[in-house]
Amino acid sequence: MTAFAARAALVQPSPIREFLSLATNPEIISFGGGYPDASLFPMAQLRAIYADLLTPANAQALQYTASDGLPRLRAQVAERLTRDGMPCGPDDILITQGGQQGLDLVAKLFVDRGDVIVTEDPTFIGALIAFNPCEPAYASVPMDEDGLDVDALAEILRTTPQVKLIYTVPDFQNPTGRTLSLERRQRLVELAEEFDVMILEDTPYRELRYEGTRLPTIKSFDTTGRVIHLGSFSKILAPGLRLGWVLATPEIREKLALLKLAADTQNGTLNMRAASAYLDAHDIDAHIAGMLPAYRRKRDLMLATLSEAMPDGVTWTRPEGGLFTWVTFPDGFDSAAFQRDLLIPRAGVLIVPGATFFAVGHRPNHARLSYSGVPDDRLVAGVRALGALVREALG
Ligand code: PMP
C-alpha cells in the first residue's frame, strides 16, 4: 500500500508537461512552451566564465555557500532593483531556484488551508501548481487590455474576508501578454492597504519590453512592506541556471530563507558564481537590449500571420513585450479537443489550450501561443495551418 499524505492528492500531473514532451519532437511546430530563444544565450561568455571558475584557484565555486545566496550576487541584484525604483540592499534579497521557488516559498509562508488567493483570470499555471499544496481557495479577477480589473478586485476584497494574498504578473503576463496600467498598479497597492492583504508581484518578463514605456513596479509603490517582489534571470540570461530572487521586508525574507534552507539548503554555488561573474564582466542591459529586436520581430510575425490566417470571430492580445499572445475563439470552441483531434494529428502544431490557466472555472475557448522559440518559416506555416483548421472546425 502506498500511504501518501493527504496533500499528495493535490499534486497532479500538469497538462502542460505532457505537451512539452511532444514539443521536443522535431516534426512538431510548437507554440507551446514559454521557452526563451536558446540561440540568444550568451554562450561564449558563460563558457569562459565556467572554465575560469573550474580551476583550482576557484575551488570555492564548488563549495557550500550562504543559504540565502552568494552575497556578491545578492548585492548585484539589489543594485539592479534599486535602479528599477525599488531601493534595497543585499540583505533584502533572497536568491531562489528561479522565480518558481519564490512562488512555492511564499505560499508556504502565508497560506493556510482555506485562505483565499486572488489571481488574475487567467493566471500562470505554475503559480497554481505551487500554491495548490497549501490548499487555498481561489478568487479570480477578470482582466482587460490594461490588466486586472481593480474595481472587480475591490468588490472581491469587500465580500471575501479570507483573502490573504493577491498574485499578479503585471508585465506581459503569462498567459495573456497583458500589462497592468500605471493607475491600476497604484490602486492595487491602495486596495491591499485598505483590506490588509499581501501582494505577490511576479516579474520574469519585465525586462523583455519591445515597445512602449516601462512602468514602475508595484513594489515601488509599497510603503509598508506588503508587496513581495519576485524576479528571475531565466528570461534575461538563461533558465537552466535556475536563478531568481525575492525582495521582501527583513522579517519576511528571513522566514523565506529558513523555508529555503529546509527545501534545498542553497542554490548551486557554481551557477551563482557564474551569474555574478557575468554581471561583473559584461553589460547585461546591453545583452537584453540586443535580444529585444529578435523577440519583437517574432511577435510582429506572429501577429501579422494571425491577422492573415484567422477567421472572423477569433481575437488575440497584442503584447508590448514578453513571449505570449492569448487567442480567444468563439464561445463554445473547445481548444483542447481541437488540438487533440485536429491540430496535432493533421498539422503537427502545438498550442497551449487555455482551460488550464483558470484558477476558477475552466473556460475552454482560449489558447496561449508563444512566438519565442520557432524559426520564422515554421512560425508562419504553423499559424497558417492553425488558422485553416480553426476555419474548418468553425464550419
Ligand atoms: N512566473 C511566471 C509568470 C512564469 O511565466 C514563469 C515561467 N516562465 C515563472 C514564474 C518561473 O520561471 P523561473 O522559475 O524559470 O524563473
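Residues numbered from 1 in each chain as written. Predicted model: local features only at pLDDT ≥ 70, side-chain atom pairs only at ≥ 80, totals over all residues.

A word on the environment of Thr315. As for its position among the elements, Thr315 is in strand β10 (residues 315-316). As for Thr315 and Trp326, which are separated by 11 residues in sequence, their C-alpha atoms are 8.4 Å apart. (Helix = DSSP H or I, 4+ residues; strand = E, 2+ residues; numbered from the N terminus.)

Turning our attention to the site of the ligand. Around the ligand, 14 residues are found, and the nearest of them are Gly98, Gly99, Gln100, Ser232 and Ser234. For the shell around the ligand, the element with the highest residue contribution is helix α4 (residues 98-110), accounting for three residues. Here the residues of the shell around the ligand are counted per class, giving four nonpolar, nine polar and one charged. (Near = placed C-beta within 6 Å. Nonpolar A, V, L, I, M, F, W, Y, C, P; charged D, E, K, R; others polar.)

The predicted model of the protein averages 95 in pLDDT, with 98% of residues at 70 or higher. Interface confidence in the predicted complex, given as ipTM, is 0.99; pTM for the same model is 0.96. (pLDDT = per-residue confidence, 0-100.)

Here the focus is helix α3 (residues 71-83). Here α3 spans 18 Å end to end across 13 residues, near enough to the 18 Å set by a 1.5 Å rise per residue. Residues of α3 that are buried: Leu73, Arg74, Val77, Ala78 and Leu81. Projected down its long axis, α3 shows its buried positions confined to an angular sector of 135°, all on one face. The inward-facing, buried residues of α3 contact β2 (93-96), β9 (244-247) and α9 (269-281). Immediately beyond the C-terminal end of α3, within one or two residues, lies Gly85, with a positive phi of roughly 90°. (Expected span 1.5 Å × (residues − 1). Buried ≥ 20, exposed ≤ 12 C-beta atoms within 10 Å, placed from the backbone. Arc of directions from axis to C-beta. Contact = placed C-beta atoms within 7 Å.)

So, about the environment of Leu148. Counting through the fold element by element, Leu148 comes out in strand β5 (residues 147-148). Once the C-alpha coordinates of Leu148 and Thr160 are considered, the two residues, 12 residues apart in sequence, prove to be 17 Å apart. In this structure, Leu148 is in contact with Glu120, Val141, Met143, Leu153, Thr168, Leu180 and Arg184, ignoring residues within four places of it in sequence.

The strand order across the open sheet built from eight strands is β2-β9-β8-β7-β6-β3-β4-β5, with neighbouring strands paired in mixed fashion. Strand pairing shows two members of the sheet lacking a second neighbour, β2 and β5, which therefore form its edges. Two elements, β2 and β9, share four bridges in a ladder whose sense is antiparallel. Among the inter-strand pairings, Leu94 is bridged to a residue of β9, identified as Val246. Sitting on the sheet, α3 touches β2 and β9, and the angle it makes with β2 is about 115°. Running at roughly 25° to β2, helix α8 (residues 250-264) makes contact with β2, β8 (227-232) and β9 of the sheet. (Pairing = 2+ DSSP bridges. Axes fitted to C-alpha atoms, helices over the stretch in contact; angles between N-to-C directions.)

Attention now goes to the pairing of β8. Among the six residues of β8, six are classified as buried, and the element is accordingly described as predominantly covered. Neither face of β8 is left uncovered, since the one carrying Val227, His229 and Gly231 and the one carrying Ile228, Leu230 and Ser232 both have all their residues buried. Alignment of strand β7 (residues 198-202) against β8, held across four bridges, turns out to be parallel. If you follow Leu200 over to β8, its bridge partner there is Ile228.

Another aspect to go through is the UniProt feature "domain: Aminotransferase class I/classII large" (unreviewed entry) in the protein. This chain's UniProt record puts "domain: Aminotransferase class I/classII large" (unreviewed entry) on residues 57-385. The distance from the first to the last C-alpha atom of residues 57-385 is 55 Å, and the span holds 41% helix and 17% strand. (UniProt positions renumbered as here; feature names shortened; annotations may be inferred.)

With that out of the way, let us pick up unusual backbone geometry. Excluding glycine, most residues fall at negative phi; most peptide bonds, likewise, are trans. The peptide bond linking Asp121 to Pro122 adopts the cis configuration, its omega dihedral lying at 10°. In this chain, Asn174 is followed by Pro175 through a cis amide linkage whose omega measures 20°. Here Pro175 is to be found in the loop between β6 (163-168) and α7 (182-195). Its identity is not glycine, yet Glu135 carries a phi of approximately 55°, on the positive side. As for its placement among the helices and strands, Glu135 is situated in the loop between α5 (125-131) and β4 (137-144).

What follows concerns the nonpolar core. Val118, Leu165, Leu200, Ile228 and Ala275 are the most contacted members of the largest nonpolar core, which totals 71 residues. Leave out the neighbours within four places in its chain, and Leu200 touches Val106, Leu165, Ile166, Tyr167, Ile228 and Leu230. Core analysis: the second largest hydrophobic core is formed by 31 residues, Met302, Leu306, Val349 and Leu379 among them. (Core = buried A, V, L, I, M, F, W, Y, C linked by C-beta atoms within 7 Å.)

What follows deals with the pairing of strand β11 (residues 324-328). The buried fraction of β11 amounts to four of the five residues, a majority that puts the element mostly inside the structure. Where β11 meets strand β14 (residues 366-370), five bridges bridge the pair, whose relative direction is antiparallel. Counterpart to Thr325 in the pairing with β14 is Leu369.

The next thing to look at is helix α12 (residues 376-394). The end-to-end C-alpha distance of α12, which contains 19 residues, comes to 27 Å, matching closely the 27 Å that a straight helix rising 1.5 Å per residue would cover. Looking at α12, one finds that the buried residues are Leu379, Gly382, Val383, Leu386 and Val390. Projected onto a plane normal to the axis of α12, the buried residues spread over an arc of 95° and lie on a single side. In α12, the exposed positions that point more than 90 degrees away from the buried face belong to Asp377 and Glu392. Where α12 is buried, its residues meet β1 (29-30), α10 (284-309), α11 (335-347) and β12 (349-350). Backbone geometry just downstream of α12 places Gly395 in the positive-phi region, at approximately 75°.

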